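# Close look at the chain arrangement
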Amino acid sequence: MYFKLITSLFVLFFSFGAFAADYVVIVNSGTGVSSASKSDVKSFFIGNSKKVAGKNMTGAFLKGDSSAAKSFFAEVVGMTPPKFELMWVKKELSGAGVGPKKKSSSTEMINFVAGKSNGIGFIESSAKAEAEGNSSVTILNLN
Amino acid sequence: MRVLLLTILASLTYSVSALAQDMNTSVYGYVEGYAEKVDTQPEVLAGGAIGDKENVVEYDVPSIHLLVQSTIGKNKAFLNLDGGGGGTVGVANAWVERSLVEEYLNFRFGKMYRPFGLYNEILDATPTYIGIEAPELFDGDHLLLTRETNLMLHGRHDLGDGNYINYALTTGNDQRMSDELPLGGDLNYTMGSKIKTGVSFYTSGGPAKPISGGGVLPWMSSDNFTVFGGYFQFTDDVWTVQAAYYTSDHKATRDVAAVTALCTKNELNTAQRTRFNCGGTINEDGDYEVSTYYTRIGYTIDLGGLAAITPYFQYDVYENPEVIYNKDDGGDAEAGLADDGMFTKLTLGTVYRPLPTIAMKLDYSQHLQEAGGKADNYGEIRFSFSYLFRL
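Chains are numbered independently. Their residues run from 1 in the order of the written sequence. Lettering for chains starts from A, numbering for ligands starts from 1, and both go in the order in which the items are written. For a predicted model such as this one, the threshold for reporting local features is a pLDDT of at least 70, and the threshold for listing and counting side-chain atom pairs is 80 or more; totals across whole chains, interfaces and linings nevertheless cover every residue. With hydrogens and water stripped out, all remaining heavy atoms of the structure feed into the side-chain values.

## A short note on the overall build of chain A
Helix numbers and strand numbers start at the N terminus; a helix is a DSSP run of H or I with at least 4 residues, a strand a run of E with at least 2. Looking only at helices and strands, chain A features six helices and nine strands. A simple rule labels every residue: compare its accessible area, found with a 1.4 Å probe on the protein chains alone, to the largest value its type can have, and call it buried under 20%, exposed over 50%, or partly exposed in between. Relative to its full complement of 143 residues, chain A shows a buried share of 45%. Once local pairs closer than 6 in sequence are excluded, the contacts in chain A between residues at least 24 apart make up 68%. When the accessible surface of chain A is summed, it comes to about 6800 Å², and 59% of that surface belongs to carbon and sulfur atoms. A contact between two residues is defined here by any heavy atoms of the two lying within 4.5 Å. Per-residue and other accessible areas were derived by the Shrake-Rupley procedure at a 1.4 Å probe size, with only the shown protein chains allowed to occlude residues.

## Brief notes about the overall build of chain B
Scanning chain B for helices and strands turns up three helices and 19 strands. Its C-alpha radius of gyration of 22 Å places chain B within 12% of the 21 Å reference for a compact globule of 391 residues. Seen through its principal axes, chain B has C-alpha atoms that stretch 70 × 55 × 40 Å. Taken over 391 residues, chain B has a buried fraction of 49%. For chain B, contacts bridging at least 24 residues in sequence account for 60% of all contacts bridging at least 6. Values of the radius of gyration come from C-alpha atoms, whereas the globule rule sets the reference at 2.2 Å times the count of residues to the power 0.38.

## Quick look at the pattern of salt bridges
Residues and elements named next belong to chain B. Counted as salt bridges are all cases of a side-chain nitrogen of Lys or Arg within 4 Å of a carboxyl oxygen of Asp or Glu. Within this structure, the stated rule accounts for 16 salt bridges over all chains. Arg114 is the partner of Asp174 in a salt bridge, and the nearest nitrogen-oxygen pair spans 3.2 Å. On the criterion of sequence distance, the pair formed by Asp174 in the loop between strand S9 (163-171) and strand S10 (183-191) and Arg114 in the loop between strand S7 (105-113) and strand S8 (148-160) is long-range, its members being 60 residues apart. Across the salt bridge formed by Glu136 and Lys345, the nearest N and O atoms sit 2.8 Å from each other. On the criterion of sequence distance, the pair formed by Glu136 in the loop between S7 and S8 and Lys345 in strand S17 (residues 342-355) is long-range, its members being 209 residues apart. Summarising the burial analysis for this pair, Glu136 and Lys345 share the class buried. Sharing partners across several salt bridges, the network here consists of Glu133, Glu136, Lys345, Asp363, Glu380 and Arg382.

## Observations concerning the state of the cysteines
All names here are of chain B. For this text, the term disulfide refers to a pair of cysteine sulfurs within 2.5 Å. Within the structure shown, the criterion is met by one disulfide over all chains. Here Cys263 engages in a disulfide with Cys278; their sulfurs sit 2.0 Å apart. On the S-S bond that ties Cys263 to Cys278, the torsion sits near -70 degrees, and the link is left-handed. With Cys263 in helix H2 (residues 256-265) and Cys278 in the loop between helix H3 (270-276) and strand S14 (288-299), this residue pair connects regions lying 15 residues apart in the sequence. Accessibility classification places Cys263 together with Cys278 in one group, the buried group.

## Comments concerning the pairing of strand S4 (residues 58-72) of chain B
Residue and element names in this part refer to chain B. Across 13 bridges, strand S1 (residues 23-38) lies against S4 in antiparallel orientation. By the bridge assignment for S4, Glu32 is matched with Ser63. Bridge count for S4 against strand S5 (residues 75-82) is eight bridges, and the pairing is antiparallel. Along S5, the bridge assignment pairs His65 with Asp82. The rule for pairing is simple: two strands pair if DSSP sees at least two bridges between them.

## Concerning helix H5 (residues 106-115) of chain A
All names here are of chain A. All buried positions along H5 are accounted for by Ser106, Met109, Ile110, Phe112 and Val113. The arc that holds every buried residue of H5, seen down its axis, measures 160 degrees, which confines them to one face. Facing away from the buried side of H5 by over 90 degrees, the exposed positions are Asn111 and Gly115. Note: the arc covers the axis-to-C-beta directions of the helix.

## What about the sheet that holds strand S1 (residues 23-28) of chain A?
All names here are of chain A. Strands sit in the order S6-S5-S7-S1-S8 across an open sheet of five strands; the sheet is mixed. Of all strands in the sheet, those with a lone pairing partner are strand S6 (101-103) and strand S8 (137-139), marking the two edges. Ignoring strand direction, the axes of neighbouring strands in this sheet form an average angle of 30 degrees. The pairing of S1 with S8 spans three bridges and is classified as antiparallel. By the bridge assignment for S8, Ile26 is matched with Ile139. Here an axis means a line fitted to C-alpha atoms, over the contact stretch when the element is a helix, while the angle between two N-to-C directions is reported on a 0 to 180 degree scale. Across the sheet, helix H2 (residues 38-45) touches S1, strand S5 (58-62) and strand S7 (119-124), and the angle it forms with S5 is around 90 degrees.

## Quick word on the interface of chain A and chain B
Taken residue by residue, the interface counts 23 residues in chain A and 30 residues in chain B. For the interface between chain A and chain B, the tally reads one salt bridge. For Arg390 of chain B, the salt bridge identified is with Glu92 of chain A, shortest N-O distance 2.3 Å. A 3.5 Å cut-off defines polar contacts: any pair of N or O atoms within that distance qualifies, except that in protein one atom must be a possible hydrogen donor and the other a possible acceptor, and neighbouring residues in sequence count only when both atoms are side-chain atoms. Counting the contacts that link chain A with chain B gives nine residue pairs in polar contact (both at pLDDT 80 or more). Examining the composition of the side of chain A that touches chain B, we find that nine residues originate from one element, helix H4 (residues 81-93) of chain A, more than from any other.

Below you can see the structure in the form of structure tokens.
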């Protein structure tokens, strides 16, 4: 009984840890934005707003089979990565907007955000140091 | 109208500043392969008798679309080239748009699909929705109104927490005979990305003429008609539930020569011959009502990675007492087959998506109607394989 309980707590602890810390949201430093609400970021990624923290942004997302994408879409956007992509395909085919660009790695995402004066995206948390080492990129505090 | 044009011109003058902004252009599209096999089905024969029609497997590429969307500042352009059927390439949509008052009011101009319920604007997006065939509301053989129009004012009002009221008002050439003002509209409420519910309406604004792909039957000399309906959608990561009901009221006058020709061809069923009064003086009073409703339910099962499979069920009902059977004469082989113009279609199927951009669909439908005084039914199986790409 104790063994089961400890195992469950162990699994719960690690799964929660993996879920909560798998992604880091980054923006181009030139935007001057350092923090934003989750609802603001969600609103931007699902196309309800072109702005995050009052600034116009151009976004990108990591491909859906990455752990960062899974946790970002579950925690911030509130849908699965395939549902997110389908939603944008539907919008694009009817002319209702163009979705964020897809990036296949955190390095590619950092380069995108650094090279776009109003870029925003998210990366694997393991790539946080790489982002912090790039002066054109700011880690966004989500609240 | 003049006020509107002046407002737009004034707005365009200010758009010069937008030229300094980045132009963002995307090119994408998709191809769909399609096959269907209809069971032996009833057909209307000479003299109105009901016989059996044998069908073979049919192959098609109903959807070949290349789309371009470009934005700069408050301006947007959209092009949707349609090579459906694998023959000539046509322009499905080509419009320009400008925001006039932030997101509250936008002006769209050109050739566009009108916002009208859940499907009209996304019918080209076959890979993204459950089902292969359009709801009967938008079946090309018995449309309630034109899918396209030319001018739209639209916008939305933010209610907070991701909830919006969306509105659109449209007009265009549509099916007008001269200076009528056809008017369409759609008003809906979206609650986050999960719930969408609203109403749509259309009025021909006076007498309308028959054209291909419109809501006026080819044997009418004129038809003053309206369409009204409502719809609901719930969607989350697992469930998709949709329902809609539409009705169309027609104050129409039949073209005696055209109806006489139909009567002479002798391919009408008894109810239609009686309705037209084929044996005597042709009945010019062509008033009638169309009604249709559908329910679509899908349940998505995550297969790991990005793959998913979605079994679905669809229930469609369509009733149009005026339409005839022969498609070559502007008829409809479904409603036109039924004695009372009413048929029910039950569909079971599944969509398999190895990736969000690839969809393989397989479904089977049963059509139920009364033909030749007795209940009849036939089946139809379809397969669709579509692939979305982006440059």
